[in-house]
Amino acid sequence: DRFWAPPAGAPVMPVQAPEPITLQLILAQASYDLGAPIPATVRVTNVSASDVRVFTRNLLEGAPLYFDIRDASDAVVPFRGIKFRPVFDDEDFATVGPGASYDFNLDLTRDPESGVFHYLFPGPGTYTAVARYAGFYGLPDTAAPPVSIVINPGGSLSGFVRDATN
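In short, a report on the structure. Predicted model, so just to flag it, every value in this text is computed and none were measured.

Describing the sheet that holds strand 3 (residues 39-46)
Read from one edge to the other, the open sheet built from three strands follows the order 1-3-7, with strand pairing classed as antiparallel. For this open sheet the edge positions go to strand 1 (21-27) and strand 7 (101-107), each flanked by a neighbour on one side alone. Neighbouring strand axes in the sheet, compared pairwise and without regard to direction, differ in orientation by 20° on average.

Spelled out as structure tokens, the structure:
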């Protein structure tokens, strides 16, 4: 055999099972004006040989999706919305068969129904966004490959002033 046997008494590393799902963050375009909606689709694909159950209620942040968004200096764009601890039942899950996908459609900047802010981009620049699925009922925490978002100068940014000088 071309591989050496491990030394006597060496710990045996367990073989990790492959991830049952993959994530993909899909944006309609590569750049947006400051303050404009940023519609996104997060696609959860079952890459296993058996059915998986995906939590389908999208209550940002972390139920089940959350995002790691950073600017060019690696500073985090914080989540500004309300963090929920969901109460859910069986109807809040979808069974996704092998090779099938489930899409979450959302706006990264705010909830379109309530107007509550999600992620507030502080200014123009290039940002990197990673979508993450928080593990629920046997699915592991899973991350999508990073996607670049360019925020153009102009547009508008609205919110509340909490502290100001001058």
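A look at the nonpolar core
L25, L27, V42, F67, F121, Y133 and I149 are the most contacted members of the largest nonpolar core, which has 34 residues in total. Mapped by element, the contributors of at least two residues to this core are strand 1, strand 3, strand 4 (52-55), strand 5 (65-70), strand 6 (93-96), strand 7, strand 8 (125-133) and strand 10 (147-152).

With respect to the side chain of T109
Tracing the backbone through its elements, the reader meets T109 in the loop between strand 7 and strand 8. A polar atom in the side chain of T109 sits 2.7 Å from the side chain of D107. In contact with T109, other than residues within four places in its own chain, are A36, P37, I38, F117, H118, Y119 and F121.

Observations concerning the pairing of strand 5
Covered by surrounding structure in strand 5 are L65, F67 and I69 only, the residues Y66, D68 and R70 on the alternate face being uncovered. In the sheet, strand 5 pairs with strand 8 via six bridges, with the strands oriented antiparallel. Across the sheet, residue Y66 finds its bridge partner in strand 8, namely R132.

Observations concerning the pattern of salt bridges
Counting across every chain of the model gives three salt bridges. The salt bridge partner of D103 is R43, with a shortest N-O separation of 2.7 Å. Of this pair, D103 sits in strand 7 while R43 is found in strand 3, placing the two residues 60 residues apart along the sequence. Relative accessible area serves as the criterion here: at 28%, R43 is assigned to the partly exposed category. The shortest N-O distance in the salt bridge between D74 and R70 comes to 3.8 Å. By relative accessible area, which is 27% here, R70 ends up partly exposed. What emerges from the salt-bridge pattern is a single network uniting D68, R70 and D74.

Here's the deal with the environment of D141
Looking at the secondary structure, you find D141 in the loop between strand 8 and strand 9 (142-143). Judged by relative accessible area, which is 55%, D141 ranks as exposed. Between the C-alpha atoms of D141 and E19, which are 122 residues apart in sequence, the distance is 9.4 Å. Setting aside its immediate chain neighbours within four residues, D141 contacts E19, Y133, A134 and G135.

What about unusual backbone geometry?
Despite not being glycine, D74 has its phi angle at roughly 75°, a positive value. Mapped onto the elements of the fold, D74 is located in the loop between strand 5 and strand 6.

Focus: the packing of aromatic side chains
The geometry of an aromatic ring pair comes down to the distance between the two centres and the angle between the two planes. Enumeration according to the criterion identifies five aromatic pairs in this entry. With a centroid separation of 5.3 Å and 65° between ring planes, the pair formed by F79 and Y119 is classed as edge-to-face. Placement of F79 in the loop between strand 5 and strand 6 and of Y119 in the loop between strand 7 and strand 8 is noted, with a sequence separation of 40 residues between them. By the burial criterion, F79 is buried, and Y119 matches it. Ring geometry for F121 versus Y127: centroids 4.9 Å apart, planes at 85°, classification edge-to-face. Take F121: its relative accessible area is 4%, and that puts it in the buried class.

Thresholds, definitions, all that
Residues numbered from 1 in each chain as written. Predicted model: local features only at pLDDT ≥ 70, side-chain atom pairs only at ≥ 80, totals over all residues. Heavy atoms only, no water. Pairing = 2+ DSSP bridges. Helix = DSSP H or I, 4+ residues; strand = E, 2+ residues; numbered from the N terminus. Axes fitted to C-alpha atoms, helices over the stretch in contact; angles between N-to-C directions. Core = buried A, V, L, I, M, F, W, Y, C linked by side-chain atoms within 4.5 Å. Buried < 20%, exposed > 50% of the residue type's maximum accessible area, 1.4 Å probe, protein only. Polar contact = N/O pair within 3.5 Å; in protein donor to acceptor, adjacent residues only side chain to side chain. Contact = heavy atoms within 4.5 Å. Salt bridge = Lys/Arg side-chain N within 4 Å of Asp/Glu carboxyl O. Phe/Tyr/Trp six-rings, centres within 6.5 Å; stacked < 30°, edge-to-face > 60°.

Any functional reading would require information that these geometric values do not contain.
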